[in-house]
Amino acid sequence: MSNQDFPTKNLERPSTNRPKIRKTLPELFRSVDLNGIIIDCNEDYAKRLGYTVDEVIGMSLFDHSPESDRQQISDSFETWKKTGSVFNRKINLISKDQEIVKVLLSSNNRYTSDGKLIGSATILRDISEIKWLQDLVKIKKYESLYENSPDLYRTVNYHGIIIDCNKAYADKLGYTKDEAIGTNLLEHTSEKSISNMRVNMANWRNTGEGNTTEVWMKKKDGTEFPALLTPTNLFDDDNAMIGRNVVIKDITELHDTKQNLSEREKIDQLKEEFLSVVTHELKSPLTPIIGFAQALTKPNLLGELNDKQLDAVKTIIANATRLRKLITDLLDTHKLELGQMKFAEKEFEVDSLLESIKNSFSFAAKEKKIEMSFHSDENIVIVSDKDRIEQVITNLIYNAIDFVSEGTGKIKVAVQKQGPDVKFSVIDNGIGIAKEKQKELFGKFYQADTSRTRKHGGTGLGLSICKGIIENLGGKIGMESVENQGSTFYFIIPIQRKKT
Amino acid sequence: MKILGIDDNPDIIKYVDLTATGMGHEFSSANNGRDGLKMIREKKYDLVLLDLSMPEFSGIDVIDQLVVDDIIKNQKIVIFTASSSTDSDFDELIRKGVHSYLAKPIDIDILMEKINEIESLN
């Protein structure tokens, strides 16, 4: 927009809409000659000092200075005559009735056309007027703040009678201001908060102290709302307490939010209980399913099956086992999310841990023709959760079995001491994992594409559970992998478990 | 061995019965904690397989009562549990005199191994 287009005219407010402006600073004006004789003054000057303009003209400026100030005025008058220098400063004037009027002086010299000083023209601002106006503005300011505040204000006396309130208060409670003023504050208090309010008032009367309190307020129509009351005491000129001013904030919204939150907490708790019950109930039938299916594979228990029957039974076992793993993983994930998984802190030997893992995998390793080896620094004793660490290593080994090929697969479990920590590694010579997929591995429901070599079903939760467990044991988990060469999954945990 | 199984799930009792009997042991059962406790008080068993979570009178109640009776030290009690509680929860039960625990669902090999382990102790 160019300057010419700028609608300057519209910016001016029409004079009829101008607010009424109180003339806050009446300016007194006087003009004196070199003898100090007042040769002119305005109406305000004369009036403020109790004279008429005609009376003032011809008087000496010294006549308008109090006796006590005359020497000083005279000195500066002489200086002015010699040098022409004037000062803006405060001086006292004296009125016809001997009243002192404080003014702020600001003078301009008057010269003849050839530059000779002939006198001064002075504007005097009435300071006492400013002070009075300031007080007025102050009161007005607070009155306006009180009256127009969106918060509810009420002022009560010593006995709890409402002596004033603002519009917001009256409106909110459904009364007119006239109705509200003069009633006992208890009439505006909900029944459930009355005893609380009585105690609060009694306490205030005794000690003069009052804290912010939560109270249920009652409206004229009987409905209630929660409010936060913040009192400040009011004192008279002798510093005696006469009452209290109370800011009342409607906290319905806050209260509702709090209510919603606690309801949601309750729902969360129910969900939690539901999941744990469901998990338990899902697991129960698995014992006879897996148990009997396994019993069928034992000729000495239920007789010998033919090959087709045995194959069918083994399929049942494999799938039931997968279902069991799924249920356990879901429960573990849920527990980790809620921070409800419990961790033991017991001393144990790494060797005994590895022995137990070795035993549980000996059958699988033989069956899948995978070479498994275990290496450990000697005599490592750690204080942590043995079962959970076994769970993590077992999980990593199952993953490794998925990655390696039957016949040529090698899986090595290594344990090394590293200062205050112990590093557990599960190293395989399998297909490896592409770089771009590596960082997603520890997320939930991630499954590496192992369809080529897949030997057991997974939930996609395994590594995220491992990560959760290791972090809870105060350690960290990671991996390195080169495609077609193999992967190393490792975790490092403190020898003495650190609580997280 | 004389083995007692206490579990409110009859299918689990049947499974444990099949396994124990198949291994040549003598198996008795109760489908609630109260009856199980009565049987332990009346007769000495070489192994008690006890389910923890049973309605009304649970496995914990049975254990507590055996502690009160001061006969828990005469028993080899192996707990069945479906909850995935960790070691720390069982420390208390082990301290009270329980031998060990098996997490449900119980693999037949693990169950057989446990029975053999207890047999070797007796």
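Cut-offs applied
Residues numbered from 1 in each chain as written. Chains lettered and ligands numbered in written order. Predicted model: local features only at pLDDT ≥ 70, side-chain atom pairs only at ≥ 80, totals over all residues. Helix = DSSP H or I, 4+ residues; strand = E, 2+ residues; numbered from the N terminus. Buried ≥ 20, exposed ≤ 12 C-beta atoms within 10 Å, placed from the backbone. Contact = placed C-beta atoms within 7 Å. Pairing = 2+ DSSP bridges. Axes fitted to C-alpha atoms, helices over the stretch in contact; angles between N-to-C directions. Core = buried A, V, L, I, M, F, W, Y, C linked by C-beta atoms within 7 Å. Nonpolar A, V, L, I, M, F, W, Y, C, P; charged D, E, K, R; others polar. Parallel < 35°, antiparallel > 145°, perpendicular 65-115°, else oblique. Left-handed = near helix turned anticlockwise from the far one by under 90°. Expected span 1.5 Å × (residues − 1). pLDDT = per-residue confidence, 0-100. Arc of directions from axis to C-beta.

Peer 1: Whenever I open this one, the overall build of chain B confuses me. Can you help?
Peer 2: When you go through chain B residue by residue, the secondary structure sums to 5 helices and 5 strands. Starting at the N terminus and walking to the C terminus, you meet the elements of chain B as β-α-β-α-β-α-β-α-β-α. For chain B, the proportion of its 122 residues judged to be buried stands at 39%. Summarising the internal contacts of chain B: among those between residues at least 6 apart in sequence, 64% fall at separations of at least 24.

Peer 1: Whenever I open this one, the overall build of chain A confuses me. Can you help?
Peer 2: Along its length, chain A carries 16 helices and 17 strands. Counting across all 500 residues of chain A, residues that qualify as buried make up 24%. Taking the contacts inside chain A whose residues are at least 6 apart along the sequence as the reference set, 53% of them involve residues at least 24 apart.

Peer 1: When you look at the environment of A:T83 in this model, what are you seeing that I'm missing?
Peer 2: Residue and element names in this part refer to chain A. With respect to the helices, strands and loops of the structure, T83 is situated in helix α4 (residues 70–83). Owing to 9 C-beta atoms within 10 Å, T83 belongs among the exposed residues under this scheme. C-alpha separation for the pair T83 and L117, spaced 34 residues apart in sequence, amounts to 9.6 Å.

Peer 1: Any chance you could explain the sheet that holds strand β7 (residues 162–165) of chain A here in plain terms?
Peer 2: Hydrogen bonds between backbone groups are what pair the strands of a sheet, and the pairing can be parallel or antiparallel. Residues and elements named next belong to chain A. Spatially, β7-β6-β10-β9-β8 is the arrangement adopted by the 5 strands of the open sheet, whose pairing is antiparallel. The strands lining the two open edges of the sheet, one partner per strand, are β7 and β8 (213–218). Strand-to-strand, the axes of this sheet are offset by a mean angle of 35 degrees, without reference to chain direction. Sheet analysis places strand β9 (residues 224–235) next to strand β10 (residues 241–250), joined by 9 bridges and oriented antiparallel. Each bridged residue has a counterpart across the sheet, and for N233 the counterpart in β10 is R244. Where helix α8 (residues 191–207) meets the sheet, it contacts β8 and β10, and its direction lies at approximately 125 degrees from that of β8.

Peer 1: What is the right way to look at the nonpolar core in this model?
Peer 2: As a rule of thumb, nonpolar side chains are buried together in soluble globular proteins. Residues B:I3, B:L47, B:V48, B:L49, B:L50 and B:I79 are the most contacted members of the largest nonpolar core, which totals 38 residues. When residues in this core are grouped by element, the largest group, 6 residues, is from helix α10 (residues 286–296) of chain A. Core analysis: the second largest hydrophobic core is formed by 36 residues, A:M372, A:L396, A:F403 and A:I465 among them.

Peer 1: Explanation requested: the sheet that holds strand β14 (residues 410–418) of chain A in the structure shown.
Peer 2: All names here are of chain A. Spatially, the 5 strands line up as an open sheet ordered β12-β14-β15-β17-β16, and their pairing is mixed. If you trace the sheet from one side to the other, it starts and ends with β12 (371–376) and β16 (476–482), each paired once. Taking the axes of each pair of neighbouring strands and ignoring which way they run, one obtains an average angle of 15 degrees across the sheet. Two strands pair when backbone bridges link them, and strand β15 (residues 421–428) and strand β17 (residues 486–494) are joined in this way by 8 bridges, in the antiparallel orientation.

Peer 1: Just checking my understanding: could you explain the interface of chain B and chain A for this structure?
Peer 2: The figure often quoted for interface size is the accessible area lost as the parts come together. Contacts between the two partners involve 19 residues from chain B and, on the opposite side, 23 residues from chain A. Those elements giving two or more residues to the side of chain B that touches chain A turn out to be α1 (10–22) and α4 (87–96) of chain B. Per-element accounting of the side of chain B that touches chain A gives the leading share, 6 residues, to α1(B). Looking at side-chain class alone, the side of chain B that touches chain A contains 7 nonpolar, 8 polar and 4 charged residues.

Peer 1: Can you walk me through the packing of α10(A) against helix α12 (residues 307–338) of chain A in this structure?
Peer 2: Packed helix pairs are specified by the crossing angle of their axes together with the interaxial distance, meaning the distance between the axes. Residue and element names in this part refer to chain A. Here α10 crosses α12 at 150 degrees, and the two axes come no closer than 9 Å. Judged on the interaxial angle alone, α12 and α10 are roughly antiparallel. For the element pair α10 and α12, the recorded crossing hand is left-handed. On α12, the residues that touch L286, I289, I290, A293, Q294 and L296 of α10 are V313, I316, I317, A320, T321, L323 and R324. A breakdown of the residues in the contact of α10 with α12 according to their chemical character gives 10 nonpolar, 2 polar and 1 charged.

Peer 1: Whenever I open this one, helix α9 (residues 252–283) of chain A confuses me. Can you help?
Peer 2: Side chains of residues three or four places apart in an α-helix project in the same direction, reflecting 3.6 residues per turn. The terminal C-alpha atoms of α9(A) lie 46 Å apart, and with 32 residues this matches the ideal 46 Å at 1.5 Å per residue to within 8%. Along α9(A), only 2 of the 32 residues are buried, which leaves the element largely exposed.

Peer 1: I'm lost on the pairing of β8(A) in this one. Help?
Peer 2: Residues and elements named next belong to chain A. Summarising the sheet, β8 and β9 pair through 6 bridges and their orientation is antiparallel. Among the inter-strand pairings, V215 is bridged to a residue of β9, identified as A227. Counting the residues that bridge the hairpin from β8 to β9 gives 5 residues, and of these G222 lies at a positive phi of roughly 90 degrees.

Peer 1: I'm lost on the packing of helix α14 (residues 386–403) of chain A against helix α16 (residues 462–472) of chain A in this one. Help?
Peer 2: All names here are of chain A. It is at 10 Å that the axes of α14 and α16 come closest, and there the two elements cross at 150 degrees. Put simply, α14 runs roughly antiparallel to α16. In the crossing of α14 with α16, the sense of the turn from one axis to the other is left-handed. Each of R388, Q391, V392, N395, L396 and N399 in α14 lies in contact with α16, whose residues at this interface are G462, C466, I469 and I470. The residue makeup of the contact of α14 with α16, split by class, is 5 nonpolar, 4 polar and 1 charged.

Peer 1: I tried to follow the confidence of the model for chain B on my own but got confused; where do I start?
Peer 2: Close reading of the predicted structure is inappropriate where its pLDDT is low. When pLDDT is averaged across chain B, the result is 89; 94% of the residues are at 70 or more. Interface confidence for the predicted complex, expressed as ipTM, amounts to 0.84; the pTM equals 0.52.

Peer 1: Is there a simple way to think about the pairing of β7(A) in this case?
Peer 2: Walk down a regular strand and you will see the side chains alternate between the two sheet faces. As paired elements, strand β6 (residues 152–157) of chain A and β7(A) share 3 bridges and run antiparallel to each other. Among the inter-strand pairings, A:V156 is bridged to a residue of β7(A), identified as A:I162.

Peer 1: Can you help me understand the confidence of the model for chain A in this one?
Peer 2: All names here are of chain A. For chain A, the average pLDDT comes to 84, and 89% of its residues sit at 70 or higher. Averaged pLDDT values for the elements of chain A fall to 40 in helix α1 (residues 8–11) and rise to 95 in β15. Within the model, the stretch residues 1–24 combines pLDDT values under 50 with 3 contacts to residues more than four positions away or in other chains. With pLDDT under 50 throughout, residues 450–456 is counted as low confidence; its partners more than four residues away or in other chains account for 12 contacts.

Peer 1: Is there a simple way to explain helix α5 (residues 108–121) of chain B in this structure?
Peer 2: The end-to-end C-alpha separation of α5(B) is 20 Å, in line with the 20 Å expected for 14 residues at 1.5 Å each. Residues of α5(B) that are buried: B:I108, B:L111, B:I115 and B:I118. One face of α5(B) carries all of its buried residues, which in axial projection span an arc of 95 degrees. α5(B) presents B:D109, B:E113, B:N116, B:S120 and B:L121 as exposed residues on the side facing more than 90 degrees away from its buried surface. Residues of α5(B) that are buried make contact with α10 of chain A together with α1, β3 (47–51) and β5 (100–103) of chain B.

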